[in-house]
Amino acid sequence: MKENPPIVTCPSCGKEHRWDTSNRFRPFCSERCKMIDLGKWANEEYRVAQPADQDEQEYTEPPHQA
Ligand SMILES: [Zn+2]
């Protein structure tokens, strides 16, 4: 009973396709979808916003000589 491959959803286009171990683009359905996803990463579409690490706690005021 090995002829029942799971159905997976392509992360790129959302199309359902059979999980084929011969498909080297899995979990994507095709090379195109894989490239599309890689392109998203390249365009920093998934970039995690990181706040600028500006620690002002150790800021020292200039001495007042008044
Ligand atoms: Zn796809």
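Anything mentioned here points back to the structure above.
The rules behind each value
Residues numbered from 1 in each chain as written. Predicted model: local features only at pLDDT ≥ 70, side-chain atom pairs only at ≥ 80, totals over all residues. Heavy atoms only, no water. Helix = DSSP H or I, 4+ residues; strand = E, 2+ residues; numbered from the N terminus. Buried < 20%, exposed > 50% of the residue type's maximum accessible area, 1.4 Å probe, protein only. Contact = heavy atoms within 4.5 Å. Areas by Shrake-Rupley, 256 points an atom, 1.4 Å probe, with all protein chains shown as cover. Donors = N, O, S within 2.8 Å, 3.2 Å for Na, K, Ca; no water. Tetrahedral: all angles 85-135°; square planar, octahedral: opposite > 155°, others 65-115°. Polar contact = N/O pair within 3.5 Å; in protein donor to acceptor, adjacent residues only side chain to side chain.

Turning our attention to the overall build of the chain. Scanning the chain from terminus to terminus reveals one helix and two strands. Overall, the chain shows an N-to-C arrangement of helices and strands of β-β-α. Buried positions account for 14% of the 66 residues belonging to the chain. For the chain, the share of sequence-separated contacts (at least 6 apart) that also reach a separation of at least 24 residues comes to 4%. Total accessible area on the chain is roughly 6,500 Å²; 48% of this is exposed by carbon and sulfur atoms.

Ideal geometry at a metal centre gives angles of 109.5 degrees when four donors are arranged tetrahedrally and 90 or 180 degrees when six donors are arranged octahedrally. Surrounding the zinc ion are the protein donor atoms Cys10 (SG), Cys13 (SG), Cys29 (SG) and Cys33 (SG), at 2.2 to 2.3 Å. Between the four donor atoms coordinating the zinc ion, the angles at the centre fall across 106 to 116°, so the site counts as tetrahedral. Mapping the donors of the zinc ion onto the primary sequence yields the spacing C-x2-C-x15-C-x3-C. Here cysteine 13 is found in the loop between β1 (7–9) and β2 (16–18), whereas its partner cysteine 33 is found in helix α1 (residues 31–42), with 20 residues between them in sequence.

All right, on to the side chain of serine 12 then. In this structure, serine 12 sits in the loop between β1 and β2. Within the structure, the side chain of serine 12 is placed 3.4 Å from the backbone oxygen of cysteine 33, a separation counted as a polar contact.

Here we take up unusual backbone geometry. Residues arginine 26 and proline 27 are joined by a peptide bond in cis, for which omega reads 5°. Relative to the helices and strands, proline 27 resides in the loop between β2 and α1.

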